[in-house]
Amino acid sequence: MPRIGGKILPLFRGRSGFVSGEEISRELNVSRTAVWKHINRLRTEGYVIDAIPSQGYRLVSNPDIMSAEEIAAETGAKNVIGSKIVCLGETGSTNAEAFRMAAEGEAHGTVVFAESQLNGKGRLGRRWESPPGANIYCSVILRPDIMPHEAPQLTFVSAVAVARAIRISTSLAPSIKWPNDIMLQGRKVAGLLNEMSAETDRINFVILGIGVNVNMTGEQFPPDIRYPATSLFLEHGDRLSRNDFAAVMLKELDQLYCGFVADGFAPARMEWQSLCNANGRAVTVSDSGREVVSGMFAGIDDDGAMLVRRGGSDIVRILTGDVRIS
Amino acid sequence: MDVKDLKVLIKMITETDITEFEMENADEKIVLKRGPRGELVAMAAPASYIASPQTVHMPSFPPAAHSAAPSAPAADEESGETVNSPIVGTFYRAPAPDAAPYVEAGQVVEKGQVLCIVEAMKLMNEIEAEFRCRIVKVCKENAQAVEFGDPLFLVERV
């Protein structure tokens, strides 16, 4: 049976009342019997749909599961990012899965989501807490036509996209800790980790890994977590639809990425700079447990490297490390 | 592309000054490189087509258009190949601080095997061996900053 469930769902959007079976059958050009079958299929996926003989169908509630069709219905068919969306149940890590898919030829723009990750990962083998059904675990496959040394700029493109999505979806005002931790009230709400497969002079592919704590509750955070962490639910007070959030995020990423391809790094860099939590502040950078430098934050350069002013005019360029705002 | 066509292609290219040629379509990717350090002809196809891409080390093709062909590579140059960093960043020998290094000096690694990570701005670049080789020397310390093009490993084809 073709997947027309995803085409029925938009017909329910923006309506609180019933949609007649006749209308659905006309809009999708299928028989009334086929409509009934597809409605039942949506029900098995967790959609609660009322059916009243003389009135038609009414969508009562969406299942709280990641759905490629729901996300795609919002992002639009023309977008590069999300041209194909894959939603997995439990997986090792979406980055590992996307990396494997890309190595086997998966197309530019494909996005992988998962309900939960067994080995959600952060920098240097750190763990990213990934309980089922609560958060966004997402990896985007890109095959950008840029040189490998320019690829770190994408870190800032995706960070701005996630910050925008949070602002649009919740009206909260996130900031960004260099290079791409998304913060709310000094607590980390999203973590991004990118991976690249490249040769000396060409990129095979880049995986943008995005983890956003959406509906995570206080008890779901491990007690030994490295940083103060939070979720959109804890800051905002309401549970969010993860599919809606994912769609907003992919739309923003698409717009920013297309801008990056057309106009270069400057626009994303400027927006990143305006969202950075270190403007005018003193910072301390450490890496692998030892302190690298302390000084005043002096922006980022064309590569995205953090500039730290130590003493008078001595500028230190930072490419990796953990940043603490003093 | 069959072997006959590949031979024609190689002949065409060696008759010009081109030192690097790359062609890609839906079925296959062909990379031809030549230079004073010895010619490498690599032909790869998507995983769905052949399980493992082949790399063929070819003997020198003296360019027909030049009367003075480049001299054959010296043996020590041949064993002095390096794996260089494609980006500026921090060099990590292991996936995590408490994990074992990906490779040690003396070890023989397969084509495609991960040798190290170079990180810049939270972009992790896993550097893989482009051919089967023995790691002669690890050129950088763990967590050391590396520049674009810096040698990371001295390797020897096996």
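Scoring rules and cut-offs
Residues numbered from 1 in each chain as written. Chains lettered and ligands numbered in written order. Predicted model: local features only at pLDDT ≥ 70, side-chain atom pairs only at ≥ 80, totals over all residues. Heavy atoms only, no water. Helix = DSSP H or I, 4+ residues; strand = E, 2+ residues; numbered from the N terminus. Rg over C-alpha atoms; globule rule 2.2 N^0.38 Å. Contact = heavy atoms within 4.5 Å. Pairing = 2+ DSSP bridges. Axes fitted to C-alpha atoms, helices over the stretch in contact; angles between N-to-C directions. Domains from an automatic or database assignment. Buried area = accessible area lost by both parts, 1.4 Å probe. Salt bridge = Lys/Arg side-chain N within 4 Å of Asp/Glu carboxyl O. Nonpolar A, V, L, I, M, F, W, Y, C, P; charged D, E, K, R; others polar. Core = buried A, V, L, I, M, F, W, Y, C linked by side-chain atoms within 4.5 Å. Buried < 20%, exposed > 50% of the residue type's maximum accessible area, 1.4 Å probe, protein only. Expected span 1.5 Å × (residues − 1). Patch = residues over 30% accessible without salt bridge, like charges linked within 9 Å, V, L, I, M, F, W, Y side chains within 5 Å. Areas by Shrake-Rupley, 256 points an atom, 1.4 Å probe, with all protein chains shown as cover. Lys, Arg positive; Asp, Glu negative; His and termini not counted. Charge placed at Lys NZ, Arg CZ, Asp CG, Glu CD. Phe/Tyr/Trp six-rings, centres within 6.5 Å; stacked < 30°, edge-to-face > 60°. Polar contact = N/O pair within 3.5 Å; in protein donor to acceptor, adjacent residues only side chain to side chain.

Glancing now at the overall build of chain A. Tallying secondary structure elements over chain A gives 9 helices and 14 strands in all. The C-alpha atoms of chain A give a radius of gyration of 22 Å, which matches the 20 Å a tight globule of 326 residues would have. Structurally, chain A occupies a C-alpha span of about 80 × 45 × 30 Å along its principal axes. Sequence-distant contacts in chain A: of pairs separated by 6 or more residues, those separated by 24 or more amount to 62%.

Before going further, it helps to spend a moment on the sheet that holds strand S11 (residues 290-300) of chain A. Residues and elements named next belong to chain A. If you trace the 5 strands from one edge of the open sheet to the other, you get S13-S12-S11-S10-S14, paired in antiparallel fashion. The sheet is open, and its two edges are formed by strand S13 (314-318) and strand S14 (322-325), each paired on a single side. Neighbouring strand axes in the sheet, compared pairwise and without regard to direction, differ in orientation by 45° on average. Here 4 bridges tie strand S10 (residues 282-287) to S14, and the two strands are oriented antiparallel to one another. Each bridged residue has a counterpart across the sheet, and for Val285 the counterpart in S14 is Val323.

Quick look at the domain arrangement of chain A now. All names here are of chain A. As far as domains go, chain A holds domain 1 (4-61), domain 2 (68-275) and domain 3 (282-325). Using only C-alpha atoms to locate each centre, domain 1 and domain 2 end up separated by 32 Å. Here domain 1 meets domain 2 over a buried area of about 420 Å², counting both sides, of which 41% is carbon and sulfur. Taken together, domain 1 and domain 2 are joined by 0 salt bridges. Grouping the amino acids of the side of domain 1 that touches domain 2 by side-chain chemistry returns 3 nonpolar, 2 polar and 2 charged.

Right, let's talk about the nonpolar core for a bit. Counting residues in hydrophobic clusters, the biggest one holds 89 residues, and the most contacted among them are Phe113, Ile136, Val212 and Trp272 of chain A together with Phe153 of chain B. Once residues within four sequence positions are removed from consideration, Phe153 of chain B is found in contact with Glu81, Thr82, Val83, Phe91, Val103, Leu115, Cys116, Ile135, Lys137, Val138 and Cys139 of chain B.

Turning next to the sheet that holds strand S12 (residues 151-157) of chain B. Residues and elements named next belong to chain B. Ordered in space as S5-S12-S10-S7, the 4 strands form an open sheet in which the pairing is antiparallel. The sheet terminates laterally at strand S5 (81-84) and strand S7 (108-109), the two strands that pair on one side only. Pairing of S5 with S12, which is carried by 4 bridges, proceeds in the antiparallel orientation. If you follow Asn84 over to S12, its bridge partner there is Pro151.

Moving on: the pattern of salt bridges. If you walk through the whole model with that rule in mind, you get 25 salt bridges over all chains. A salt bridge links Arg100 of chain A to Glu97 of chain A; the nearest nitrogen and oxygen atoms lie 2.6 Å apart. Taken together, the residues span about one helical turn, with Arg100 of chain A and Glu97 of chain A both in helix H5 (residues 94-103) at a distance of 3 residues. Since its relative accessible area comes to 38%, Arg100 of chain A is described here as partly exposed. Accessibility expressed as a relative area gives 19% for Glu97 of chain A, which makes it buried. Residues Glu195 of chain A and Lys121 of chain A are paired through a salt bridge, measuring 3.4 Å at the closest nitrogen-oxygen approach. Linking Glu195 of chain A in strand S8 (residues 187-198) with Lys121 of chain A in the loop between strand S4 (110-117) and strand S5 (136-142), this pair joins segments that are 74 residues apart in sequence. Relative accessible area serves as the criterion here: at 35%, Lys121 of chain A is assigned to the partly exposed category. Residues joined in a network through salt bridges with shared partners are Arg123, Arg126, Asp287 and Asp322 of chain A together with Glu119 of chain B.

We now examine helix H6 (residues 153-170) of chain A. Residues and elements named next belong to chain A. In this model H6 runs 27 Å from its N-terminal to its C-terminal C-alpha over 18 residues, within 8% of the 26 Å that 1.5 Å per residue would give. Among the 18 residues of H6, 15 are classified as buried, and the element is accordingly described as predominantly covered. Positive backbone phi, at 65°, marks Ser171, one or two positions downstream of H6.

The subject of this paragraph is a negative patch on the surface. Residues Asp201 of chain A together with Glu20, Glu128 and Glu130 of chain B make up a contiguous surface patch of negative charge. Structurally, Asp201 of chain A is set in the loop between S8 and strand S9 (203-212).

All names here are of chain B. Bridge count between strand S6 (residues 89-92) and strand S11 (residues 144-146): 3 bridges; the pairing is antiparallel. Note on S11: the bridge partner recorded for Gly89 is Val146. Where S6 and strand S8 (residues 114-120) come together, 3 bridges link them in antiparallel fashion. Opposite Tyr92, over in S8, you have Ile117 as the bridge partner.

To continue, consider the packing of aromatic side chains. All names here are of chain A. Taken as a whole and judged by the stated rule, the model has 6 aromatic pairs over all chains. A centroid spacing of 5.3 Å and a plane angle of 80° characterise the contact between Phe156 and Trp272, whose relative ring orientation is edge-to-face. You can see Phe156 sitting in helix H6 and its partner Trp272 sitting in helix H9 (residues 266-275), a full 116 residues away along the chain. The exposure class assigned to Trp272 is buried, which follows from its relative accessible area of 0%. Within the aromatic cluster, the residues linked to one another by ring pairs are Phe156, Phe265 and Trp272.

Moving on, we come to the interface of chain A and chain B. Opposite the 35 residues of chain A that make contact, chain B presents 23 residues. It is Leu124, Met196 and Leu319 of chain A in chain A that bury the most area against chain B; as a group they hold 24% of the surface buried on that side. At the junction of chain A with chain B, the criterion picks out 2 salt bridges. Note that Glu119 of chain B is salt-bridged to Arg123 of chain A, the shortest N-O span being 2.7 Å. Remark: the boundary between chain A and chain B carries 13 residue pairs in polar contact (both at pLDDT 80 or more). Considering each element in turn, the side of chain A that touches chain B owes the most residues, 6 residues, to S8 of chain A. Looking at the side of chain A that touches chain B residue by residue, the class counts come to 16 nonpolar, 9 polar and 10 charged. Both S8 of chain A and strand S9 (residues 123-128) of chain B contribute to a ladder of 3 bridges, which runs parallel. Across the sheet, Asn194 of chain A pairs through a bridge with Leu123 of chain B, a residue of S9 of chain B.

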